[in-house]
Each structure stands twice: as structure tokens, then as C-alpha cells.
Amino acid sequence: DAGNGTEQSDGAIYQQLKSAKVKTIDYLILTHPDQDHVGGGEKIVENYQISRAYIPYITNSVMPNFKTYYDVYSAMQRKGVQTQISTMGNCLSGEGYFLGFLSPLPFEQKDSSYRDLNKIDATDREINDCSPIIYLEVYGNRFIFTGDAGRSQEQLVLENVKLGIYQMAFNRQINLADVDFLKVAHHGSEDGSSSEFLSVLRPKNAVISVGGNNFYGHPDTDLLTRLIESNQALKVFRTDTCGSVLVKMQNGKDVEIITDAD
């Protein structure tokens, strides 16, 4: 995702890429059309050559409901960016890494969260639930990214693990137990990161992307309790207290977590 793109954030993702001397982007993932997740996307699209973008399935009839996302999507069309719908079973792999989309179900399936997203009167929760839950393995270090996905999508992932769906989809083992890093769902709100989900993941590190003194009261106190209960040794990194969080690896062995508070 690319942040909200406001003057306050100063295009933080863009600035991070610029300081890292990134010249091109192989894959861009925009989880769902909320402004605070795609607002900075247009600047990135305009300033970088992007090989492929993974995007939510949004029909033309409801696209006007998401003006910020429409602006980003239009920029991708102008720049000729190849796009692919984020759906369960999509994967990327290369030397030392594998990334797999664990959700959402394709629009064609009756229980797909994309069907709710594409209602004229879609609720905030229905929009959030089209966020893909993504598994990333880099030289043995395992990450789970959640966007704003809620409990229904977490349950879908857990059921698919039990049924061996991912083994068939990816032809490889997806190990969700004791993950190294969890990007906590929906800024630490109550409607995600269920006890059942966390009891499987038992993350070693958790990152909560959340603004300071926000209107919603995130991160939720009960959510913080659930995180600690899942792993007493868990380290929690909150962007409202430590700023940006960067995970660096040297040959996949030496993992370093760098924050603005360091």
C-alpha cells in the first residue's frame, strides 16, 4: 500500500523509495480502495516504472464511489502498468523468496468478499474485507500482511490451511505457525486479529500501522491483550510511537528492525 498521500505524510512511501535509490518497481500491491491505503499511489505510479500491480476487483458501476482509488487506477492505465486482480492462489517467487495470496476468493465464487465490495451500499467492513492476506517467505523469514482484512477472511485462511487448499494451490507448504512478522490488521482495530488467528500465528514481531491520537482509538486495548497472549515474548512496533518500521536482511540471516525512534 502507499499511505494516504496527504501533505502531512509528505508521500512517505515515495520518499522512502527515493532515499533507497529505487529506480523501478517490480510489483505494487494495493490492498483495497480506502484513501488511507491508496492515496499515495498516484505519486508512485507517476514517478516509477512498475512492471505489475495487484489490485482489487472493482466494477465500473461502483468505481465512482472510490475517487482516490480511481485516480490511482487511471494513472496506471495512462502509464501502461500491467494489472492483475488480487485473488487467492496468486503467487510470486524467485531466488530466496515466495509470496502467496491467501485471500480473497475470486469474484466468481459466491462467498467472495469482492461481491460485497461491489454493492452500491458496501459498508466499511465489506470494503476492508477485500484486502488480501499475504504470506511472504524470504530466506526462511516468514511474514503475514493483512491490509484491513477482518475476521471473516482470517477464518477463511484458517479453514483453507486445514483443508490443504494452499498446498494444492501453491504446490508447497505454507507454514503459518510462529511467523516472524505480522502486519496487524486494520491499524489495530477490534474487528481483526482474532484470538483464533493469533493463536495459530504466534508472531514473534508485530507491526501496527496507526496514527497518534486517532479518532478511532486504535490500537484497541483488547487487541493488544490478544497479541501479548499469543506470544509472551512478542515485540510490538507501533508507528504512532516509533515512526516508520523497516526490516532489513543481510543474506537472509541477519535481520535488523530499524525505526525512527532508534
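Given the structure is predicted, the values throughout are model-derived calculations rather than measurements.

Conventions and cut-offs
Residues numbered from 1 in each chain as written. Predicted model: local features only at pLDDT ≥ 70, side-chain atom pairs only at ≥ 80, totals over all residues. Heavy atoms only, no water. Helix = DSSP H or I, 4+ residues; strand = E, 2+ residues; numbered from the N terminus. Rg over C-alpha atoms; globule rule 2.2 N^0.38 Å. Buried < 20%, exposed > 50% of the residue type's maximum accessible area, 1.4 Å probe, protein only. Contact = heavy atoms within 4.5 Å. Areas by Shrake-Rupley, 256 points an atom, 1.4 Å probe, with all protein chains shown as cover. Lys, Arg positive; Asp, Glu negative; His and termini not counted. Charge placed at Lys NZ, Arg CZ, Asp CG, Glu CD. Pairing = 2+ DSSP bridges. Right-handed = clockwise from strand over helix to strand, strands pointing away. Salt bridge = Lys/Arg side-chain N within 4 Å of Asp/Glu carboxyl O. Axes fitted to C-alpha atoms, helices over the stretch in contact; angles between N-to-C directions.

S.K.: Whenever I open this one, the overall build of the protein confuses me. Can you help?
M.R.: The helix and strand tally for the protein stands at 11 helices and 12 strands. Since a compact globule built from 262 residues should have a radius of gyration of about 18 Å, the 18 Å found for the protein is in line with a globular shape. Considering only C-alpha atoms, the protein reaches an extent of 45 × 45 × 45 Å along its principal axes. Per-residue burial over the protein gives 47% buried out of 262 residues. The long-range fraction of contacts in the protein, counting pairs at least 24 apart against all pairs at least 6 apart in sequence, stands at 68%. As displayed, the protein has an accessible area near 13300 Å², and 47% of this comes from carbon and sulfur atoms. Positive and negative side-chain charges in the protein, numbering 24 and 34 respectively, have mean positions lying 5 Å apart.

S.K.: Help me understand the pairing of strand β9 (residues 205–208), please; the structure alone is not making it clear to me.
M.R.: When a strand is regular, its side chains alternate between the sheet's two faces. Because side chains alternate across β9, one face comprises the buried residues Asn205 and Val207, and the other comprises Ala206 and Ile208, equally buried. Strand direction decides the pairing type here: strand β8 (residues 181–183) and β9, joined by three bridges, are parallel. Bridged to Phe181 within β9 is Asn205. Following the backbone out of β8, through helix α9 (residues 195–201) and into the adjacent parallel β9, one traces a crossover that is right-handed. With four bridges joining them, β9 and strand β10 (residues 235–238) adopt parallel strand pairing. Looking across to β10, one finds that Val207 is bridged to Phe237.

S.K.: In this structure, what is going on with the environment of Gly40? I would like to understand it.
M.R.: By secondary structure assignment, the location of Gly40 is in the loop between α2 (35–38) and α3 (41–47). When the C-alpha positions of Gly40 and Tyr14 are compared, they lie 7.7 Å apart, and in sequence the two are 26 residues distant. Other than its neighbours up to four places away in sequence, Gly40 contacts Ala2, Gly3, Asn4 and Gly5.

S.K.: Help me out: how do you make sense of the pattern of salt bridges in this one?
M.R.: Pairs can form between side chains of opposite charge once their charged atoms are near each other. If you walk through the whole model with that rule in mind, you get 10 salt bridges. For Asp178, the salt bridge identified is with Arg202, shortest N-O distance 2.8 Å. A residue pair is termed long-range when its members are at least 10 positions apart, and Asp178 in the loop between α8 (165–170) and β8 and Arg202 in the loop between α9 and β9 qualify at 24 residues. With a relative accessible area of 31%, Asp178 lands in the partly exposed category. A relative accessible area of 32% places Arg202 in the partly exposed class. A single salt-bridge network, built from bridges that share partners, covers Glu42, Glu46 and Arg78.

S.K.: I'm lost on the sheet that holds strand β4 (residues 91–94) in this one. Help?
M.R.: Pairing between the strands of a sheet comes from backbone hydrogen bonds, and it takes one of two forms, parallel or antiparallel. Pairing in this open sheet of seven strands is mixed, and the strands run β4-β5-β6-β7-β8-β9-β10 from one edge to the other. Taken across any chain shown, the strands that pair with only one partner, and hence form the sheet edges, are β4 and β10. Between one strand axis and the next, the sheet turns by 15° as a mean value, whatever way the strands run. The sheet contact formed by β4 and strand β5 (residues 97–101) spans four bridges and is antiparallel. Counted as the bridge partner of Gly94 is Tyr97 from β5. The sheet contacts of helix α10 (residues 221–230) involve β8, β9 and β10, and relative to β9 the element is tilted by about 165°.

Purely geometric stuff here, so don't read any function into it on its own.
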